[in-house]
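# Architecture at a glance
If you want the building blocks of each chain, they are given just below.
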Amino acid sequence: MSNYVPRGLWKTEKVDLENTVVDESQRQLKDCGISSRSRNDKFSEGSASESDDDNERVDAAEEETDDEENTFFDTRDFLSSSSFKSNTSDYRISSFSSDDDGLYAVESEDDIDPAIRSVGTNYPYVKRRKKLPDPVEKEKGVSLWSMIKDNIGKDLTKICLPVYFNEPLSSLQKCFEDLEYSYLIDRAYEWGKRGNSLMRILNVAAFAVSGYASTEGRICKPFNPLLGETYEADYPDKGLRFFSEKVSHHPMVVACHCEGTGWKFQGDSNLKSKFWGRSIQLDPVGVLTLEFDDGEVFQWSKVTTSIYNLILGKLYCDHYGTMRIQGSHGYSCKLKFKEQSIIERNPHQVQGVVQDRNGKTVATLFGKWDESMHYVSGDCSGKGKGFDSLSEAHLLWKRSKMPKFPTRYNLTRFAITMNELTPGLKEMLPPTDSRLRPDQRYLENGEYEMANSEKLRLEQRQRQARKMQESGWKPRWFAKDKGSDSYRYVGGYWEARDTGNWDSCPDIFGQIPSDQLVD
Ligand SMILES: CC(C)CCC[C@@H](C)[C@H]1CC[C@H]2[C@@H]3CC=C4C[C@@H](O)CC[C@]4(C)[C@H]3CC[C@]12C
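Conventions we followed
Residues numbered from 1 in each chain as written. Predicted model: local features only at pLDDT ≥ 70, side-chain atom pairs only at ≥ 80, totals over all residues. Heavy atoms only, no water. UniProt positions renumbered as here; feature names shortened; annotations may be inferred. Helix = DSSP H or I, 4+ residues; strand = E, 2+ residues; numbered from the N terminus. Buried < 20%, exposed > 50% of the residue type's maximum accessible area, 1.4 Å probe, protein only. Lys, Arg positive; Asp, Glu negative; His and termini not counted. Salt bridge = Lys/Arg side-chain N within 4 Å of Asp/Glu carboxyl O. Polar contact = N/O pair within 3.5 Å; in protein donor to acceptor, adjacent residues only side chain to side chain. Contact = heavy atoms within 4.5 Å. Phe/Tyr/Trp six-rings, centres within 6.5 Å; stacked < 30°, edge-to-face > 60°. Pairing = 2+ DSSP bridges.

Going by what an unreviewed UniProt entry lists, the chain is known as Oxysterol-binding protein and is assigned to Parasponia andersonii. What UniProt records for the chain under Function (unreviewed entry) is the sentence "May be involved in the transport of sterols." According to the UniProt record, the Sequence similarities (unreviewed entry) comment for the chain reads "Belongs to the OSBP family."

### A closer look at the side chain of Glu420
Residue position: Glu420 is located in the loop between α10 (413–417) and α11 (423–428). Buried charge Glu420 goes without a salt bridge, the closest partner of opposite sign being Arg129 at 4.7 Å. Here Arg129 takes part through its backbone nitrogen, which lies 3.1 Å from a polar atom of the side chain of Glu420. With near-sequence residues (within four places) excluded, Glu420 lies in contact with Arg128, Arg129, Leu425 and Arg435.

### Considering the packing of aromatic side chains
What describes a pair of aromatic rings is the distance from one ring centre to the other and the angle between the planes of the rings. Under the definition given, this model contains 25 aromatic pairs. Centroid distance Trp477 to Tyr493: 5.3 Å. Interplanar angle 85°. Geometry classified as edge-to-face. Of this pair, Trp477 sits in the loop between α14 (465–470) and β17 (478–480) while Tyr493 sits in helix α15 (residues 493–499); the two residues are 16 residues apart in sequence, bridging distant segments of the chain. On the basis of relative accessible area, Tyr493 is assigned to the buried category, the value being 0%.

### A closer look at the pattern of salt bridges
Per the counting criterion, the structure on display carries 24 salt bridges. The partner of Glu459 in a salt bridge is Lys455, and the shortest N-O contact between them spans 3.1 Å. Residue Glu459 and its partner Lys455 are located together in helix α13 (residues 448–462), separated by four residues, close to a single helical turn. Just as Glu459 is buried, Lys455 falls in that class too. Here the salt bridges share partners, and the residues they tie into one network are Asp113, Glu190, Lys193 and Arg194.

### A short note on the pairing of strand β13 (residues 349–355)
Buried residues dominate β13, accounting for six of its seven residues. Where strand β12 (residues 332–337) lies against β13, six bridges are found, and the strand directions are antiparallel. Each residue of the ladder has a partner; that of Cys333, found in β13, is Val354. As paired strands, β13 and strand β14 (residues 361–368) are joined by seven bridges and run antiparallel to one another. Bridging across to β14, Gln349 finds its partner in Lys368.

Written as structure tokens, this is what we have:
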């Protein structure tokens, strides 16, 4: 059994995914006879820290059975069932066929009220790029194993992984990926305005799930932003503008704020990570808040994400757990993300219910986080019943098609646009914007050597971040809410951008003045 790992050999350690160091315990892979891996089978990285007395929990996690198994009916069986097909026979046919639109294309949604369906389609057109630049240098196959083996005997926690394991986006930009399907919030807004709160929460729920779609097949690490790094996304073509800032380094926290048409979305993301040997578990802490102009507020938290096959096999991630969306006007929604099992025929299932203020189930939701979400009126989540009424399922959301020019990072069409730096935009940005981060730009251009050396330089800089925080560093655009641990946008970013006055923004990507260097 090649992947048998003696118990006790694996320490359950807290892994800082953002610190690009190789975990000491990976050295032990060698002792287990695990041989080289290609670049495509990427490896974990993390810093060894904290307790190693949690071994039992590994066992517990492995042996845990999914007692909710039965409550998940087979969505795939259903989607291919004739009753469903006859109802929405053309749901696979895209209503947009040219390659020019794809970014915000909504697939055929015949049963959606045309007036609602057209919400968000009359935003101005903005030309955005459809591919990343062609790489300057040829890609080379870097195996993580070769890096580890050359460093045996050294302190492995001090080795930096090359930029080759990164995707050319920062964690700040990745937050914006959650807004790819913002038209669902626009629809929710419209439904609510028409007095249909049930359709409002259903669209909010579909939005909350849709943010996960872009994580499928993405196995590269985003760049860990520097303290004070920011990212803005001005997307009039989606009727919104988004802004995020890295507000803390220890623990690593990113705060974001997005103003849409009739709504505001904000939150901060702080991941608690656990290293289980073969996998890494990420538990997001913090609440996301969506606030409509008419006063209705929705709050929810993200579910657990795990990254599997760090040792052998194909790396992949899965999302599982229960997401509770609490609305301020009576309805709430509970969504279960089913955990994938090894023999899973039908992964990525999500199922849930909307309940009114009395706890009565008024609608049932089901689908897959990487595909689509549907709803049925009434309660059909119970076992044994439901398949008849499922023929009345209505499409809420369907994932957009992947780009015509795939990237080696598997970015979606939307993600490809996020790091674009047009000359006009460059002049508007503060010196802290992720688009100006040199190593990330070099990686995007396929200049791997330069990317690597710049990454090392900036990581050197970043080592001062803890000191900065301890000596009273404060984020520029967010502040902690009184009596709470969450960050709120204090305002002023877009106003500063209008005047072009970035005096208060430090040059975080530049050279460190030699008198400020610390050892
Ligand atoms: C171990 C290394 C080299 C492999 C690459 C790890 C990749 C797969 C990891 C690194 C950071 C991770 C992301 C970190 C944060 C979030 C927010 C969370 O709410 C959804 C998942 C998501 C978006 C993760 C998806 C998986 C991810 C991209």
